[in-house]
Amino acid sequence: MPSFNFVLLTIVGTGLVTWVSRITPFVLLKKFELSKGVVEFLSFVPIAIMSALWFENLFIQHIGQLPSIEWGNFLASVPTVIAAIISKNLLVIVIVGVISLGVIRLVFGL
């Protein structure tokens, strides 16, 4: 069983590494200016991440078979995508998604 000091140092060390890796880009970007092409490329990163997270939760993986649809998440996606198209506001999208998934789980038990 690991000692308390080892566990504490591990937690502090991983927290420090996480903090430094998230702060360093902000510090560096204050001193340098990115080219227009790089800024345009980076503008697609949030869309790619959200799409990856969405598709990961939309399908259920079956080893050796095609994935199947997670119907609760699929049904909750419909009003969420509509809210995204209409509002283009991340807060509204998250709230609609959480509420619609909650209602679907409450009503249908999915």
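Small disclaimer: the values here were computed from a predicted structure and weren't measured.

Some points on the overall build of the chain
Counting its regular elements, the chain contains 5 helices and 2 strands. Each helix (α) and strand (β) of the chain, taken in turn from the N terminus, gives the series α-α-α-β-β-α-α. The globule rule puts the C-alpha radius of gyration for 110 residues at 13 Å, and the 20 Å found for the chain is more than 25% above it. The contacts in the chain between residues at least 6 apart in sequence include a share of 28% that link residues at least 24 apart. As displayed, the chain offers around 9,400 Å² of accessible surface, 76% of which is attributable to carbon and sulfur atoms. Positive and negative side-chain charges of the chain, numbering 6 and 4 respectively, have mean locations separated by a distance of 10 Å.

A look at unusual backbone geometry
The residue Lys 88 is not glycine, and still its phi comes out positive at about 55°. Tracing the chain through its elements places Lys 88 in the loop between α4 (71-87) and α5 (90-108).

What to know about the packing of α4 against α5
At a minimum axis distance of 8 Å, the contact between α4 and α5 shows a crossing angle of 155°. Of the possible angle classes, the one that applies to α4 and α5 is roughly antiparallel. Handedness of the crossing formed by α4 with α5: right-handed. Here Gly 72, Asn 73, Leu 75, Ala 76, Pro 79, Thr 80, Ala 83, Ala 84 and Ser 87 of α4 lie close against α5, whose contacting residues are Val 92, Ile 93, Val 96, Gly 97, Ser 100, Leu 101, Ile 104 and Arg 105. Split by residue class, the contact of α4 with α5 holds 10 nonpolar, 6 polar and 1 charged.

So, the layout of surface pockets
When its volume is computed, the largest pocket comes out at roughly 810 Å³. Along the walls of the largest pocket sit 22 residues, with Met 50, Trp 54, Thr 80, Val 81 and Ile 93 positioned nearest its centre. Breaking the lining of the largest pocket down by element, the ones donating at least two residues are α3 (45-58), α4 and α5. If you tally residues by element for the lining of the largest pocket, the top one is α3, at 8 residues. Looking at side-chain class alone, the lining of the largest pocket contains 14 nonpolar, 8 polar and no charged residues.

Quick notes on the packing of aromatic side chains
Enumeration over the complete set of coordinates arrives at 3 aromatic pairs. Seen in terms of ring centroids, Trp 54 and Phe 55 are 4.9 Å apart; in terms of plane orientation they differ by 45°. Their pairing is tilted. By relative accessible area, Trp 54 is classed as partly exposed at 36%. When the centroid spacing of 5.5 Å and the interplanar angle of 85° are considered together, the rings of Trp 71 and Phe 74 count as edge-to-face. Here Trp 71 and its partner Phe 74 are both found in helix α4, 3 residues apart, which amounts to about one turn of the helix. Judged by its relative accessible area of 48%, Trp 71 is partly exposed.

Details of α4
With 17 residues, α4 should reach 24 Å at 1.5 Å per residue; the first-to-last C-alpha distance of 24 Å fits that figure. By the largest-angle criterion, Ser 77 marks the main kink of α4, which is about 30°, and a proline, Pro 79, follows within four residues. Where α4 is buried, its residues meet α3 and α5. Phi turns positive, to about 55°, at Lys 88, one or two residues after α4.

What counts, and at which threshold
Residues numbered from 1 in each chain as written. Predicted model: local features only at pLDDT ≥ 70, side-chain atom pairs only at ≥ 80, totals over all residues. Heavy atoms only, no water. Helix = DSSP H or I, 4+ residues; strand = E, 2+ residues; numbered from the N terminus. Rg over C-alpha atoms; globule rule 2.2 N^0.38 Å. Contact = heavy atoms within 4.5 Å. Areas by Shrake-Rupley, 256 points an atom, 1.4 Å probe, with all protein chains shown as cover. Lys, Arg positive; Asp, Glu negative; His and termini not counted. Charge placed at Lys NZ, Arg CZ, Asp CG, Glu CD. Axes fitted to C-alpha atoms, helices over the stretch in contact; angles between N-to-C directions. Parallel < 35°, antiparallel > 145°, perpendicular 65-115°, else oblique. Left-handed = near helix turned anticlockwise from the far one by under 90°. Nonpolar A, V, L, I, M, F, W, Y, C, P; charged D, E, K, R; others polar. 1 Å grid on protein atoms, 1.4 Å probe; cavity = no way out; pocket = protein on both sides within 12 Å on 5 of 7 lines; lining within 4 Å. Points joined across faces, edges and corners; volume = space filled by probe spheres on them. Phe/Tyr/Trp six-rings, centres within 6.5 Å; stacked < 30°, edge-to-face > 60°. Buried < 20%, exposed > 50% of the residue type's maximum accessible area, 1.4 Å probe, protein only. Expected span 1.5 Å × (residues − 1). Bend = angle between axes of the 7 residues up to and from the residue.

This is a description of form; function is not addressed.
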